[in-house]
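So the chains spell out like this:
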Amino acid sequence: MQRIAIYPGSFDPVTNGHLDIIERGCKLFDYIIVAILHNPNKQFLFTVEERIEMLESCVKDIPNVETDFYNGLLVDYAKKRKAQAILRGIRAVSDFEYEFQMALMNRRLNRNIQTVSLMTGLRWIFTSSSIIKEAAKFGGDISGMVPQLVEQKLKEKFSQNTK
Ligand code: PNS
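Residues numbered from 1 in each chain as written. Predicted model: local features only at pLDDT ≥ 70, side-chain atom pairs only at ≥ 80, totals over all residues. Heavy atoms only, no water.

### Observations regarding the pattern of salt bridges
Part 1 of the reasoning: This model, assessed by the stated rule, comprises 10 salt bridges.
Part 2 of the reasoning: Of the charged contacts, one joins K157 and E50 as a salt bridge, the two residues approaching to 3.0 Å between their closest N and O atoms. Taken together, the positions of K157 in helix α6 (residues 148-162) and E50 in helix α2 (residues 48-59) put the pair 107 residues apart, joining distant regions of the chain.
Part 3 of the reasoning: Among the salt bridges present, the one from E151 reaches K155, with a minimum N-O distance of 3.7 Å. Separated by four residues within a single helix, E151 and K155 lie in helix α6, roughly one turn from each other.
Part 4 of the reasoning: The exposure class of E151 is buried, given its relative accessible area of 13%.
Part 5 of the reasoning: Connected through salt bridges with shared partners, the residues E66, D68 and R81 form a single ionic network. (Salt bridge = Lys/Arg side-chain N within 4 Å of Asp/Glu carboxyl O. Helix = DSSP H or I, 4+ residues; strand = E, 2+ residues; numbered from the N terminus. Buried < 20%, exposed > 50% of the residue type's maximum accessible area, 1.4 Å probe, protein only.)

### Comments concerning the state of the cysteines
Part 1 of the reasoning: Inspection of every chain in the model, using the stated rule, returns zero disulfides.
Part 2 of the reasoning: Residue C58 stays outside any disulfide, its sulfur separated by 13 Å from that of C26, the closest cysteine. (Disulfide = S-S within 2.5 Å.)

### Some details on the side chain of D20
Part 1 of the reasoning: Tracing the backbone shows D20 in helix α1 (residues 16-25).
Part 2 of the reasoning: Relative accessible area serves as the criterion here: at 15%, D20 is assigned to the buried category.
Part 3 of the reasoning: The contacts of D20, once residues within four sequence positions are left out, are T120, G121 and W124. (Contact = heavy atoms within 4.5 Å.)

What follows is the structure, encoded as structure tokens:
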């Protein structure tokens, strides 16, 4: 039986912290589906198509990783994709409460799907999509925190927004 995990998130945009979790998750699971939340009612900087494009370009050389999107309940999507686990990264203590709550709710919704949380690499402990967007918006240097393509896309997005 293939061990399949869903790595869900907003990925608005993908960061080096996310990629660290994907690379390490690949050693635990046979197949990882990076699943982007597509919620038309939620405000994202990048469209779902843009987020998929960036992620696909970042994981193209990893053979057992696929990129997809979902809406609705995560556990329903996981069941549909025959995944046994949800993979999540935890950075600081501040993440813990939210992750714990989400893991318990998901377990209540479907007891056959386990949440596996990996502690983030020390280098990425303060890296988040939100803080990176905030810095990029005001022209801050975000090199080394996101892949080069994402850095470029953020620059383009914020230059568009100021036009
Ligand atoms: O990267 P994020 O924004 O912290 O990811 C959160 C995400 C997208 C994994 C979570 O909000 C989600 O899966 N939402 C879909 C609805 C759902 O199933 N929620 C969890 C149980 S109520």
